[in-house]
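Inside the fold
Residue strings, one per chain:
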Amino acid sequence: MIEVIELEKKIGSVQALDKLSFKAEDGKITGLLGPNGAGKTTCLRTIFGLLQADSGFAKIDDIDVVKDSMRAKQQLGLFPDPCGLYERLTPREYVQFFAELSGMDNKSAQVATQSVLEQLQMTDIADRKCKGFSQGQRMKTALAQAIVHQPTNIILDEPTRGLDVMSTRILRDLLLMLKEQGHCVLFSSHVMQEVAALCDHVVVMTNGKVVAEGSPQALCEQTQKETLEEAFITLIGSDEGLAA
Amino acid sequence: MMRLVQVLYKKEMLDASRDKRSVMAGLYYAIGAPIVMCVLFTILLKQLSSPDALEITIENPQAAPNLVRFLEGHDISHSEKSSVKAIRLIIDTDYAQDMSQGRSALVTIVADKSDNKLIKSVRRLEMSLARYNSEVAGLRLISRGIDPSIMRAVNVQTQDQATPDSKGGMFLGIATLSIIIALFYSAMNLAIDTSAGERERNSLALLLSHPISSTQLVLAKVAAIASYSMVGLILVLVVSKFAYGMVPWEQLGFSINLDLMFILFCTLIGLPIALMSASLLVFVSFMAKSFKEAQSYVAFVLFVPIGLSMMTTYDIATEYVQWAPIAAQQYAMIEVIKGNELPLMQVLLSSASTLVLFAIFTMLSSRMLKSEKVVFGL
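Since we're looking at a predicted model, the values are computed, not measured. (Residues numbered from 1 in each chain as written. Chains lettered and ligands numbered in written order. Predicted model: local features only at pLDDT ≥ 70, side-chain atom pairs only at ≥ 80, totals over all residues. Heavy atoms only, no water.)

1. Description of the confidence of the model for chain B
The predicted model of chain B averages 86 in pLDDT, with 94% of residues at 70 or higher. In the model of chain B, helix α6 (residues 164-167) of chain B stands out as the element of lowest mean pLDDT, 58, in contrast to helix α15 (residues 344-368) of chain B, which has the highest, 94. (pLDDT = per-residue confidence, 0-100. Helix = DSSP H or I, 4+ residues; strand = E, 2+ residues; numbered from the N terminus.)

Next up, the structure:
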């Protein structure tokens with residue numbers, strides 16, 4: 001479970017997070033929806049303890065990320081934006097490295113790596129160096145890294161960017177499977193179809209604030225619109241950022 | 001705690017070994033420097049060893065036949081050949097007259113004393129003239145019935161204790177300098193790549209999102225960089241051993257011989273320096289905001305150790321500097337090559353202070369990584 005309480009963060013002169021509060025429950029997929037520059041990435045980085053909030057706090061499974069960051073991080077898997085691949089390593093080496101870094105021993109990291117590579121249908125590229133990978137292959141590698149150690153909470157920053165149809169479907173199935181297994185999945189996106197199709201709970205944010213939250217249907221009902229996209233535009237009060 | 005450092009260390013080593021070109025670029029120094037030094041020493045030795053016969057231009061020699069004969073007795077003669085040195089000895093037209101009347105007779109040496117190639121020859125000529133001077137003066141005193149030893153209030157005797165090896169001080173200084181610098185240069189690229197480069201590729205934030213502390217992260221990186229530094233050090237030692245074997249040392253009557261003991265000794269005292277150098281490089285690279293900026297800073301910062309080492313090389317180190325890290329270790333290396341007693345106290349103290357510096361730089365880097373400005377290069 002990921003909980004964000006009254007987070008405030010100023011970057012330069014911009015109030016990136018403005019008393020942001022929401023909750024992502026276990027066994028549910030929570031979507032963080034917002035236009036470009038809404039503060040989605042800032043929010044996720046704060047949850048990871050990479051950015052320090054000016055006030056407020058973030059909790060992972062009831063562990064404060066600032067007070068006990070090591071234990072909090074062990075409960076997390078991160079799919080970052082940008083991916084942060086090591087171009088000179090192969091996906092197998094890359095994924096196994098992060099598995100061990102998350103506390104697995106060499107043997108079990110090896111096994112977990114093999115199974116996640118199979119799961120993501122990456123065995124054909126598993127032993128090629130990441131340099132020269134397509135966007136989709138990069139995303140898959142990063143995704144494998146995020147889930148290899150089976151963390152209770154998985155955070156994905158714009159996971160569908162650059163994925164082809166097949167990969168998007170794999171990702172979707174994967175997220176649903178993680179949900180089945182009882183994981184807490186939090187992802188940020190500005191792709192409506194993705195959010196509408198996957199999320200149990202949607203948090204709409206703009207200018208660092210939560211403007212609405214609920215299931216996709218609830219949001220549609222609240223705004224009396226047919227689709228989530230229209231509901232979203234009504235909620236944020238403009239159509240900025242949707243072109244991206 | 002150590003397990004995570006080990007995991008990251010393994011990854012850094014693997015990642016670096018895949019980046020063959022930039023690793024090799026660093027190691028080229030270790031291979032190239034001794035060879036360049038070898039060529040340089042050969043040329044220097046030729047220049048320094050002045051030939052036995054010194055040929056100069058003597059103007060108006062007929063005025064002073066005795067002086068000219070005396071100089072010839074000391075292998076200094078007038079010549080018109082092209083090998084003549086740019087030194088002129090002008091004998092005054094009144095020389096013969098002044099001499100016969102017991103007055104001070106004028107001879108003038110004309111030469112460019114800033115010319116390093118000439119300075120030894122000029123000194124030799126001056127010495128010979130001084131000796132001639134005291135010889136003639138002595139004869140004059142005897143003819144007046146005075147014991148010439150009255151002119152020698154102090155009888156200065158110098159006993160040259162220089163062993164052949166200890167004569168090559170400057171050569172030893174430069175040779176050891178090139179060995180120590182290898183520690184700093186061989187892993188320079190790697191250090192920048194693994195810190196500023198890691199941030200530029202966005203993987204630093206991802207690393208820090210994992211349950212690894214910034215101290216563990218810095219330690220692993222420093223260990224990997226230091227490992228490559230040590231590879232550079234061993235390489236430079238081995239290449240030096242063979243390269244210096246080819247320098248014609250016999251011209252100066254000493255030799256630089258790097259035996260196995262010396263190589264082992266250098267490896268041992270090189271380890272703290274490698275750790276210190278790696279932590280310094282990481283610290284500077286993280287301080288920079290981009291890869292390119294890091295490259296400039298690192299090149300600049302490396303002047304400090306090189307400067308310390310230079311002081312020892314050119315023997316201008318003050319009493320305090322001799323105890324400073326790097327300067328002291330280099331001094332010890334020189335003593336070991338010369339076959340003198342190892343300055344144990346100095347080695348231990350400077351190695352300890354080198355390790356303290358390593359700890360400080362590591363701590364500073366790890367503290368910097370807690371700042372979001374550093375991690376995201378804001």
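2. Thoughts on the UniProt feature "domain: ABC transporter" (unreviewed entry) in chain A
With numbering aligned to this structure, UniProt lists the feature "domain: ABC transporter" (unreviewed entry) at residues 2-232 of chain A. Strand forms 26% of residues 2-232 of chain A and helix 38%; the C-alpha atoms that close the span are 23 Å apart. (UniProt positions renumbered as here; feature names shortened; annotations may be inferred.)

3. Side note on the packing of helix α3 (residues 91-101) of chain A against helix α5 (residues 135-147) of chain A
Residue and element names in this part refer to chain A. At a minimum axis distance of 8 Å, the contact between α3 and α5 shows a crossing angle of 25°. Judged by the angle between their axes, α3 and α5 are roughly parallel. Crossing geometry of α3 relative to α5 is assigned as right-handed. Here α3 contributes Pro 91, Tyr 94, Val 95 and Phe 98 to the contact with α5, which in turn contributes Thr 141, Ala 144 and Gln 145. Of the residues contributing to the contact of α3 with α5, the split by class is five nonpolar, two polar and no charged. (Axes fitted to C-alpha atoms, helices over the stretch in contact; angles between N-to-C directions. Parallel < 35°, antiparallel > 145°, perpendicular 65-115°, else oblique. Left-handed = near helix turned anticlockwise from the far one by under 90°. Contact = heavy atoms within 4.5 Å. Nonpolar A, V, L, I, M, F, W, Y, C, P; charged D, E, K, R; others polar.)

4. Side note on the pairing of strand β1 (residues 2-11) of chain A
Residues and elements named next belong to chain A. Of the strand pairs in this sheet, β1 and strand β2 (residues 14-24) are connected by eight bridges, and their pairing is antiparallel. Counterpart to Ile 11 in the pairing with β2 is Val 14. The hairpin formed by β1 and β2 contains two residues between the paired strands, and Gly 12 there has a positive phi angle of roughly 65°. The pairing of β1 with strand β4 (residues 55-60) spans five bridges and is antiparallel. Its bridge partner being in β4, Val 4 is matched across the sheet by Ala 58. (Pairing = 2+ DSSP bridges.)

5. Focus: the domain arrangement of chain A
Residue and element names in this part refer to chain A. Per the domain assignment, the segments of chain A are domain 1 (1-75 + 152-164 + 179-244) and domain 2 (85-150). Centre-to-centre separation of domain 1 and domain 2, based on C-alpha positions: 26 Å. Taking both partners together, domain 1 and domain 2 bury about 690 Å²; carbon and sulfur atoms supply 62% of that area. Per-residue buried area on domain 1 facing domain 2 is highest for Ile 154, Arg 161 and Leu 163; these three make up 41% of the total on that side. (Domains from an automatic or database assignment. Buried area = accessible area lost by both parts, 1.4 Å probe.)

6. Digging into the UniProt feature "transmembrane region" (unreviewed entry) in chain B
All names here are of chain B. As recorded in UniProt, the sites labelled "transmembrane region" (unreviewed entry) are residues 21-45, 170-192, 218-240, 260-284, 296-314 and 344-364. Helix makes up 100% of residues 218-240 and strand 0%, with an end-to-end C-alpha separation of 32 Å. The span residues 344-364 carries 100% helix and 0% strand; its end-to-end C-alpha distance comes to 30 Å.

7. Concerning the side chain of A:Asn153
Relative to the helices and strands, A:Asn153 resides in strand β7 (residues 153-157). In this structure, A:Asn153 is in contact with A:Met1, A:Ile2, A:Asp26, A:Ile60, A:Asp61, A:Gln75, A:Leu76, A:Gly77 and A:Cys184, ignoring residues within four places of it in sequence.

8. Brief notes about a nonpolar patch on the surface
Residues and elements named next belong to chain B. Side chains of Met 24, Tyr 28, Ile 31, Ile 35, Val 39 and Ile 43 sit close together on the surface and give an oily, nonpolar patch of about 530 Å² of accessible area. Looking at where Tyr 28 falls in the secondary structure, it is placed in helix α2 (residues 20-48). A relative accessible area of 51% places Tyr 28 in the exposed class. (Patch = residues over 30% accessible without salt bridge, like charges linked within 9 Å, V, L, I, M, F, W, Y side chains within 5 Å. Areas by Shrake-Rupley, 256 points an atom, 1.4 Å probe, with all protein chains shown as cover. Salt bridge = Lys/Arg side-chain N within 4 Å of Asp/Glu carboxyl O. Buried < 20%, exposed > 50% of the residue type's maximum accessible area, 1.4 Å probe, protein only.)

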